[in-house]
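Survey of secondary and tertiary structure
Here is how the chains run, residue by residue.
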Amino acid sequence: MSAQPSISAESLNGRVAVITGASSGIGEATAEQLAAQGARVAVLARRSERLDSLVDRIEKSGGHALALTVDVTDTATVQAAADRVADAFGDADLLVNNAGVMLPAPIEERATEQWQQQIDLNITGLMNVIAAFTPQLVRAAEDRGVSDLVNMSSIAAQNIFPNFAVYSGTKAFVTHLSRHLRVELGPKNVRVSALEPGIVGTELQSHVTDEGALQWLASSKESGMAWLTPKDIADVVGFLTALPSHVNLQQVTIMPTAQPS
């Protein structure tokens with residue numbers, strides 16, 4: 001029985017990766033990780049200065065990167081970005097749908113603007129990106145035998161957290177959608193994966209205004225629990241997208257060791 005090849009620093013050579021929400025946190029770390037593994041990366045987000053700095057770091061490390069200032073809730077802008085990627089690098093064969101926002105609040109507060117913001121970014125924005133890049137993923141899979149669609153969900157898609165109802169609902173959509181897309185796209189050699197991290201130390205927490213949620217986050221730190229880092233999640237993305245083409249990790253839950261749920 002022959003051994004499988006190891007996942008090396010060049011394991012993504014020749015691949016074209018697109019990462020949304022790449023100006024910080026998981027998206028930023030994932031862009032650097034995939035570039036280090038040899039992929040050419042297109043980084044999408046709204047903060048152009050942060051993207052330019054990221055591209056500069058990647059290129060100084062010997063990688064190739066393209067910064068595209070994009071609001072994923074704007075359908076036309078997302079499609080234009082997809083066209084730019086194809087012109088610059090060729091069809092994308094690795095898409096990491098990472099852009100998102102978390103704004104917990106008791107449902108009785110009727111924080112409808114926050115509800116809509118989460119739905120617009122976590123669901124509509126995600127769908128805009130899928131719509132724009134799926135034709136490229138399918139063509140790339142025809143050419144090279146595999147492509148990857150990685151959707152960033154959350155442990156909140158499975159577990160119950162008080163005051164997180166709308167956010168959790170959007171992430172449950174992401175996980176369930178990913179299962180359905182896998183049925184549609186898997187036969188075309190497009191692997192679909194949903195990642196469900198627990199608590200990760202990112203800017204996501206800085207958007208939280210609900211006092212109950214802030215106390216819960218603070219108590220987890222005070223307990224000494226080590227949160228996940230963006231690099232932890234980036235390493236998992238790098239691993240699953242470099243696996244042999246017949247292997248698809250369809251749903252990965254990534255938890256801090258000490259986080260109970």
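In short, a report on the structure.

Rules behind the numbers
Residues numbered from 1 in each chain as written. Predicted model: local features only at pLDDT ≥ 70, side-chain atom pairs only at ≥ 80, totals over all residues. Heavy atoms only, no water. Buried < 20%, exposed > 50% of the residue type's maximum accessible area, 1.4 Å probe, protein only. Helix = DSSP H or I, 4+ residues; strand = E, 2+ residues; numbered from the N terminus. Pairing = 2+ DSSP bridges. Right-handed = clockwise from strand over helix to strand, strands pointing away. Core = buried A, V, L, I, M, F, W, Y, C linked by side-chain atoms within 4.5 Å. Contact = heavy atoms within 4.5 Å. Axes fitted to C-alpha atoms, helices over the stretch in contact; angles between N-to-C directions. Parallel < 35°, antiparallel > 145°, perpendicular 65-115°, else oblique. Left-handed = near helix turned anticlockwise from the far one by under 90°. Nonpolar A, V, L, I, M, F, W, Y, C, P; charged D, E, K, R; others polar.

Within strand 2 (residues 40-45), 5 of the 6 residues are buried, leaving the element largely enclosed by the surrounding structure. Examined bridge by bridge, strand 1 (residues 16-20) and strand 2 share 5 bridges and lie parallel to one another. Among the inter-strand pairings, Ala17 is bridged to a residue of strand 2, identified as Val41. Running through helix 1 (residues 25-36), the crossover from strand 1 to the neighbouring parallel element strand 2 is right-handed. Considered for its hand, the β-α-β crossover made up of strand 2, helix 2 (residues 48-60) and strand 3 (residues 65-69) is right-handed.

Quick look at the pairing of strand 5 (residues 147-152) now. Most of strand 5 is tucked away: 6 of the 6 residues are buried. Both faces of strand 5 are covered, namely the face carrying Ser147, Leu149 and Asn151 and the face carrying Asp148, Val150 and Met152. For strand 4 (residues 94-97) and strand 5, the ladder comprises 4 bridges, and the chain directions are parallel. In the strand pairing of strand 5, Leu95 is matched with Leu149. With helix 4 (residues 112-144) bridging strand 4 and its parallel neighbour strand 5, the resulting β-α-β unit is right-handed. Pairing analysis gives 6 bridges linking strand 5 to strand 6 (residues 190-197), with the strands arranged parallel. Looking at strand 6, one finds that Asp148 is bridged to Arg191.

Right, let's talk about the nonpolar core for a bit. Within soluble globular proteins, side chains that are nonpolar generally end up buried alongside one another. With 34 residues, the main nonpolar core has Val18, Leu44, Val85 and Phe133 as its most contacted residues. Among the elements of the structure, strand 1, strand 2, strand 3, helix 3 (75-89), helix 4, helix 5 (165-185) and strand 6 are those that each provide at least two residues to this core. Looking at this core element by element, the count peaks at 9 residues for helix 4. Dropping the residues within four chain positions of it, Val18 is found in contact with Ala42, Leu44, Val85, Ala92, Leu94, Leu95, Val96 and Phe133. Ile26, Val41, Ile58 and Ala65 belong to the second largest nonpolar core, which has 31 residues in total.

In contact at an axis separation of 9 Å, helix 3 and helix 4 are set at 25° when each is read in the N-to-C sense. By the angle between their axes, helix 3 is roughly parallel relative to helix 4. Crossing of helix 3 against helix 4: the hand is right-handed. Residues Thr75, Val78, Gln79, Ala81, Ala82, Asp83, Val85 and Ala86 of helix 3 form the contact with helix 4, whose participating residues are Asn128, Val129, Ala132, Phe133 and Gln136. Looking at side-chain class alone, the contact of helix 3 with helix 4 contains 8 nonpolar, 4 polar and 1 charged residues.

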